[in-house]
Amino acid sequence: MNSKLLLYLALALSDYCPAAIIYPKEPDGGRQMVIQFANDFVGKNLPPFKGISTTNELTFVPPLLEYGSGDLAKGQLLAGATSGRDGWQMWKYTFMDGTNVVGAAFLEADEKTGKPLKCTSLGSDVFSEGTLRALHEAEQMPQVQKQDYEARLLDNMLESFTAVWLHGQSNDIIIPLPPNYNRFNAYQPYSEGEIVKVLAPEARRDIAMWAKLKKQRQKDN
């Protein structure tokens, strides 16, 4: 028995499976709903589909589920992060024309059933190309070669922070997307603690500022 066959048998018996970035299961029928929504723009030379005559020319990358971060003022980022907002979830679909990012559509789905509800917006999203670049570079990271990571989007609008969140069984990787106002290196991996160290003081400062402003307004009235 040759050495290559022995290796293949050993891998099979050990349940070998190469580590990878995996994606959550998208809502059933969600892609069709997004395409129907896009049909109102395709073929009319309207952004973001100028020069594209039919949705048959477009493809998708796997959609990502968007998560809101935890309470940064309390030092929480991933702890308390949730994909649900008042009973619904937000999914981001990215349109591709060949190898070019065209735009993105956002789809609401029922948090409990996963049933797609409606498309809320469609346009040229500044984070789409950055998201794909972050995922591409993440595939080369040593950590990702050792275990599976689920790709997610992480957003904190109050602190203007958006990132790709790779969730693994033993750890999490956060990849900030530009613009991040010189707080982090875009497309570089960070731990939760490294992100919190920078953003938590900002969150506490902003809360104090808004409380002071609210108090002043009440005083003026």
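Definitions and limits used
- Residues numbered from 1 in each chain as written.
- Predicted model: local features only at pLDDT ≥ 70, side-chain atom pairs only at ≥ 80, totals over all residues.
- Heavy atoms only, no water.
- Salt bridge = Lys/Arg side-chain N within 4 Å of Asp/Glu carboxyl O.
- Buried < 20%, exposed > 50% of the residue type's maximum accessible area, 1.4 Å probe, protein only.
- Helix = DSSP H or I, 4+ residues; strand = E, 2+ residues; numbered from the N terminus.
- Pairing = 2+ DSSP bridges.

(A) Looking closely at the pattern of salt bridges. Across all of its chains, the model carries eight salt bridges by this definition. For Lys25, the salt bridge goes to Asp28, with nearest N and O atoms at 2.6 Å. With a relative accessible area of 63%, Lys25 lands in the exposed category. In this structure, Arg152 engages Glu150 in a salt bridge whose closest nitrogen and oxygen atoms are separated by 2.8 Å. Of the residues examined, Arg152 reaches a relative accessible area of 13% and is grouped as buried.

(B) Geometry of the pairing of strand 9 (residues 161-168). Counting buried residues along strand 9, seven of its eight residues qualify, which places the element largely inside the surrounding structure. Sheet topology note: the strand 8 (residues 149-156)/strand 9 ladder contains eight bridges and is antiparallel. Paired with Asp155 across the two strands is Thr162, which belongs to strand 9. Where strand 8 hands over to strand 9, the hairpin turn is made up of four residues, of which Ser160 adopts a positive phi near 50°. Bridge count for strand 9 against strand 10 (residues 172-176) is five bridges, and the pairing is antiparallel. Within strand 10, the residue paired with Val164 across the bridge is Ile175. Turn length for the strand 9-strand 10 hairpin, with the two strands adjacent in sequence and antiparallel, is three residues.

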